[in-house]
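# Coordinate analysis (summary)
Listed here are the chains, written in short residue letters.
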Amino acid sequence: MLFMAHYTQMYRLALTILYDEEESKDAVSEVFARLLDGNLTLRQDTAGAYLLTATRNYCRSILEHKQMRERILRQLSAEAGQPAITEGEQQRMDEVTKFIHQQLPPLSQQIVRLRFLEEMTCQEVATALGISRQTVHTHLRQAMEQFRAFFKSKKH
């Protein structure tokens, strides 16, 4: 019933943000999939607002992901002194991005993004997220350990 009542409005919002029909459909589907995976009970009077907010937030995360990927690609190109990256580098960047979004918890994702992509100091990250500097260090250390283990296993 929620799908039938809110899909069109959610799709229009996603399309307004993403400018891509297929990606917008996928985003709305993902919001519903996450809703089904969780233990969340929506009240009838707030369900529409919740679903629109969830759609907006998910679309923003898609855009952040794209911006992060573009920034990394530009940085790699600039460091290599090349106008474009190789296919192998592109594949590696895709693996890193996929790993971040699938393997790291949300707080670690935010910390990695702010520290390495926004180039914030650990203290700036801590202040922005309202956590201690030690928590930032701990999450970064754990994320790097996970990166190393994951990519080491990919070599074998």
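Here is a short report on the structure shown in this document.

So, how was this worked out
- Sequence order as written defines residue numbering, which begins from 1 separately in each chain.
- Totals for whole chains, interfaces and linings use all residues, but because this is a predicted model, local features are given only for residues with pLDDT of at least 70 and pairs of side-chain atoms are given and counted only at 80 or more.
- No hydrogens and no water enter the side-chain calculation; it runs on all heavy atoms of the structure.
- Elements are defined by DSSP. Helices are runs of H or I of four residues or more, strands are runs of E of two residues or more, and each kind is numbered from the N terminus.
- Partly exposed residues are those whose accessible area sits between 20% and 50% of the maximum for their type, while under 20% is buried and over 50% is exposed, using a 1.4 Å probe and protein chains only.
- The criterion used for residue contact is that any of the two residues' heavy atoms lie within 4.5 Å.
- Between the rings of Phe, Tyr and Trp (Trp by its six-membered ring), a pair exists once the centres lie within 6.5 Å; its type follows the angle of the planes, with under 30 degrees stacked, over 60 edge-to-face, and the other angles tilted.
- Salt bridge, as applied in this entry: a Lys or Arg side-chain nitrogen positioned within 4 Å of an Asp or Glu carboxyl oxygen.

Along the chain, histidine 139 turns up in helix α7 (residues 133-155). Owing to a relative accessible area of 16%, histidine 139 belongs among the buried residues under this scheme. Setting aside anything within four residues of it in sequence, one finds histidine 139 in contact with Leu107, Ser108 and Ile111.

Let us now look at the packing of aromatic side chains. Considering all chains together, one arrives at five aromatic pairs under this definition. Here phenylalanine 99 and phenylalanine 150 contribute two aromatic rings whose centre-to-centre distance is 4.9 Å and whose plane-to-plane angle is 35°, an arrangement assigned as tilted. Of the two residues, phenylalanine 99 is situated in helix α4 (residues 87-103) and phenylalanine 150 in helix α7; the sequence distance between them amounts to 51 residues. Put simply, the rings of Phe3, Tyr7, Tyr11 and Phe32 pair up and form one aromatic cluster.

To continue, consider the pattern of salt bridges. As a working rule, side chains carrying opposite charge can pair if their charged atoms are close by. Within this structure, the stated rule accounts for four salt bridges. Where glutamate 22 meets lysine 25, a salt bridge forms, and the shortest distance between an N and an O atom there is 3.7 Å. Here lysine 25 and glutamate 22 lie together in helix α2 (residues 21-37), a separation of three residues that amounts to about one turn. Note that glutamate 30 is salt-bridged to arginine 34, the shortest N-O span being 3.1 Å. Of this pair, glutamate 30 and arginine 34 are both found in helix α2, four residues apart, which corresponds to roughly one turn of the helix. Judged by relative accessible area, glutamate 30 falls into the partly exposed class, the value being 28%.

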